[in-house]
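Understanding the architecture of this molecule
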Amino acid sequence: HRLSRPAPSQEPPMTAFTSATTSRAGRLAGKRVLITGASRGIGQAIALRYADEGADLCIAATTLAGLAETQAQAEARGARVLPLAVDVADRGAVQALIDTMVAQLGGLDVLVNNAGVYHAATLLDTDPADFDRVMQVNLYGAFHVLQLALRQMVKQGAGKVVNIASTAGKGGSMNQSAYNASKHALVGLTRCAAVELGPTGICVNAICPGFVETDMLQNFSAHSAITGLSFEQILANGRARVPLRRFLRADEIAHLAVYLGSAESDGMTGQSILLDGGMLMV
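The notes below deal with the structure included here.

Conventions and cut-offs
Residues numbered from 1 in each chain as written. Predicted model: local features only at pLDDT ≥ 70, side-chain atom pairs only at ≥ 80, totals over all residues. Heavy atoms only, no water. Helix = DSSP H or I, 4+ residues; strand = E, 2+ residues; numbered from the N terminus. Buried < 20%, exposed > 50% of the residue type's maximum accessible area, 1.4 Å probe, protein only. Contact = heavy atoms within 4.5 Å. Phe/Tyr/Trp six-rings, centres within 6.5 Å; stacked < 30°, edge-to-face > 60°. Lys NZ or Arg CZ within 6 Å of the ring centre and 35° of its normal. Arc of directions from axis to C-beta. Axes fitted to C-alpha atoms, helices over the stretch in contact; angles between N-to-C directions. Left-handed = near helix turned anticlockwise from the far one by under 90°. Nonpolar A, V, L, I, M, F, W, Y, C, P; charged D, E, K, R; others polar. Disulfide = S-S within 2.5 Å.

Turning to its location among the elements, F231 is positioned in helix α7 (residues 231-240). Residue F231 is classed as buried on the basis of its relative accessible area, which comes to 16%. In sequence terms F231 and P209 are 22 residues apart; their C-alpha atoms lie 21 Å from each other. Residues within four places of F231 in sequence aside, it is in contact with L217, Q218, F220, S221 and S224.

Before going further, it helps to spend a moment on the packing of aromatic side chains. Each aromatic ring pair is described using two quantities: the centre-to-centre distance and the angle formed by the ring planes. Under the definition given, this model contains 4 aromatic pairs. By the ring-pair criterion, three or more aromatic residues cluster together here, those being Y118, Y179, F211, F220 and F247. Over the ring of F247 we find R239, and its NZ or CZ is 4.6 Å from the ring centre.

What follows is about α7. The complete set of buried residues in α7 reads F231, I234, L235 and G238. Buried residues along α7 cover an arc of 95° about the axis, so they all sit on one side. Of the surrounding secondary structure, the elements contacted by the buried residues of α7 are α6 (222-227).

Quick look at the packing of helix α3 (residues 91-105) against helix α4 (residues 128-156) now. Closest axis-to-axis distance for the α3/α4 pair is 9 Å, and the angle between their directions is 35°. Note on packing geometry: the crossing formed by α3 with α4 is right-handed. Listed contacts from α4 to R91, V94, Q95, I98 and V102 of α3 are F143, H144, V145, Q147, L148, A149, R151 and Q152. For the contact of α3 with α4, the class distribution of residues is 7 nonpolar, 4 polar and 2 charged.

According to the stated counting rule, one finds 0 disulfides in the structure shown. The thiol sulfur of C203 is not disulfide-bonded, and the nearest other cysteine sulfur, from C192, lies at 16 Å. The buried category is assigned to C203, whose relative accessible area is 7%. There is no disulfide at C208, and the cysteine sulfur nearest it, in C192, is 15 Å away. We classify C208 as buried; its relative accessible area is 0%.

Next comes the structure, spelled out in structure tokens:
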């Protein structure tokens, strides 16, 4: 299949900041957090765990409608939530998002840089347009959000960044050269940002998940046409590569994201942490 730029949303780009409670406890109490790709999967799981830990949330995705469930669940946990629609590949839209968040929440303390897309094809058959779209979202989009968020954090004198990379950023894989290249680049970007921003007290780390039980796994069905294997066999082969013999849950990624966003990880920066059930250990 072909990756394409999402159609422009007909929805307004922003909505009013909702207030659930005025004083909350938790490891992230009072932290103003931006989470991209928060409509589902890992991004949604992180948003809900951050809500449990007392954070004020700005959640972003390509449409406001896609954020409705995350917003409702986070507010039910007592969080204040600002949902915003953005295409992270559009730098102007990202700047508007940051400006709106700062205006309504008063600042930006933690960034969870999660938005991403996936594409499967052999290297020889990869369409340059597909390769470009993966890079525009997974690398340039991550760069736009990272750079503009860091500029705000530098003004404030502190901050935490959690980039969501992948085991694909740690090694080679069959039939996903665009995705792997984008995640390798994100790992490198994480390290460079950590070195440069370290003197400011800002910590920049990445999580590299392996196979995670989210709807993104459905994208692996594209490997069926390439390999001739059934989708069920592709998933079975994936589980066989994991010493724990199971895929991870999104909430397991979220637990690590809470640690990296909290004061508990103040001594950690520049790390790209594998959370893959031991897959790349062997």
